[in-house]
Amino acid sequence: MKLNKKMIMLCIGVLSVLMTGCSAENSEKESHNKDTKGNEPQTVKIDEVDWNIDENIVDEKRCVVLDYTNNSNCTIVDFELSFKAKNDITDKEKEKFYQDIQKSFEFSDDDMSELKEKEISMSTGSERVVNPGESVDKARCYYYSGYYYLNDISHYNLMQPDIATIKYISDGNVYTEYYDFISKKYSTEDKTEKAVQWSNYDIGNEVDKPEAEMIKVDLDYEDLFSFCVHGITMSQFDEYVEMCKERGYTKNAVDQEGWYDSDREDGYSVLLDYDDDDYKMDVTVRKD
């Protein structure tokens, strides 16, 4: 799994903010209760998401992947599936599963003892922005809740779907719908977030606000602003890098594919990181 270099920078930033006693709250990110008396927002049901799990080749390796098509009327911004072992899985199947895991990832006996204390499961999902009629392909599946790629379709065949999480945009807000495959029931989060968020402080004026269907603010302080832009291409990332350069972020620049880190003469700095799996860009702006 790719190391998120941005998270390392954020941890450093958060520690510095906490040590100086800075605190803030992003009102654009605040949750809003749904208006049950007014017009109800559109919903996305599981049968409107045509999903499939199968083998495919990713980076020259055979992997188990998720493909899905959004057949709803809403834009989906996150689709996740969790799986658990079938009720009729046999002890023999479990033992072979554990043997395969240990061999594939070179786990120690102690590692396996710890793993066997957990329920057998797998997960998958994609945070790509998927408009009505569009599709996602080759989203990786993972053993348990992450870290290790699922690469054996026979292991997937031991599973049954458990919970689906669908996040989608309606009326400018992001809603979260859950579907329980076991009980065949839906539940919806009572709170939502604005689809497009931005800083409450002047630091938000030190970079351009991208045009996107979804911008999620991660941190918002007077001297530290971090946000994620969903649904952009690599070429749009490159265009945003150029916009940052036009604003003077050219000092001590590190300019690589999918990565830009630079300072400005007045003490501001930017860090841009592109995720080509989920088509999103993480941006951090700091004032030293």
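Numbering of residues starts from 1 in every chain and runs along the sequence as written. For this predicted model, a pLDDT threshold of at least 70 governs which residues receive local features, and a threshold of 80 or more governs which side-chain atom pairs are given and counted, while totals over whole chains, interfaces and linings are taken from all residues. To get the side-chain values, all heavy atoms of the structure are used, and hydrogens and water are removed first.

Secondary structure elements are defined from DSSP: runs of H or I of at least 4 residues count as helices, runs of E of at least 2 residues count as strands, and each element is numbered from the N terminus. Tallying secondary structure elements over the chain gives 5 helices and 16 strands in all. With a 1.4 Å probe rolled over the protein chains alone, any residue whose accessible area is under 20% of its type maximum counts as buried; one over 50% counts as exposed, and the rest are partly exposed. Every one of the 288 residues in the chain was classed for burial, and the buried ones make up 43%. Residue-level accessible areas treat just the shown protein chains as cover; the underlying method is Shrake-Rupley with a 1.4 Å probe. About 16,000 Å² of surface is accessible on the chain, with carbon and sulfur atoms providing 44% of the total.

Take unusual backbone geometry next. Positive phi is not limited to glycine here, since aspartate 59 has a value of about 55°. By secondary structure assignment, the location of aspartate 59 is in the loop between strand S2 (49–58) and strand S3 (61–70). On the accessibility criterion, aspartate 59 (62% relative accessible area) is exposed. A positive phi angle, close to 55°, is found at glutamate 106, a residue other than glycine. Within the element layout of this structure, glutamate 106 appears in the loop between helix H2 (91–105) and helix H3 (109–115).

Now for helix H5 (residues 234–246). Any helix carries an expected span of 1.5 Å times its number of residues minus one. Over its 13 residues, H5 extends 19 Å from the first C-alpha to the last, a length consistent with the 18 Å expected when each residue adds 1.5 Å. Every buried residue of H5 is listed here: Phe237, Tyr240, Val241 and Cys244. Looking straight down H5, one finds that the buried residues subtend no more than 105° of arc, so they occupy a single side. Projecting away from the buried face of H5 at angles above 90 degrees are the exposed residues Glu239 and Glu246. Only heavy atoms matter for contacts: two residues are in contact if any of them lie within 4.5 Å across the pair. Check the buried side of H5 and you find it contacts strand S12 (224–230), strand S14 (259–263), strand S15 (268–275) and strand S16 (280–287). Looking at the residues trailing H5, positive phi occurs at glycine 248, about 100°. The arc in question is traced by the directions running from the helix axis to the C-beta atoms.

Turning next to the pairing of S15. Of all the 8 residues making up S15, 8 are buried; the element is thus mostly covered by neighbouring parts of the structure. Burial along S15 is two-sided: Tyr268, Val270, Leu272 and Tyr274 facing one way and Ser269, Leu271, Asp273 and Asp275 facing the other are all buried. Two elements, S14 and S15, share 5 bridges in a ladder whose sense is antiparallel. Bridging across to S15, tyrosine 260 finds its partner in leucine 272. Pairs of strands are assigned from DSSP output, requiring at least two bridges between the strands.

Turning our eyes to something else, we now look at the sheet that holds strand S13 (residues 251–256). Spatially, the 6 strands line up as an open sheet ordered S11-S12-S16-S15-S14-S13, and their pairing is antiparallel. Taken across any chain shown, the strands that pair with only one partner, and hence form the sheet edges, are strand S11 (214–220) and S13. Going from strand to strand, the sheet's axes swing by 10° on average, the running direction of each strand aside. Running at roughly 175° to S15, H5 makes contact with S12, S13, S14, S15 and S16 of the sheet. With axes taken as lines fitted to C-alpha atoms, and helix axes fitted only over the stretch in contact, angles between N-to-C directions fall between 0 and 180 degrees.

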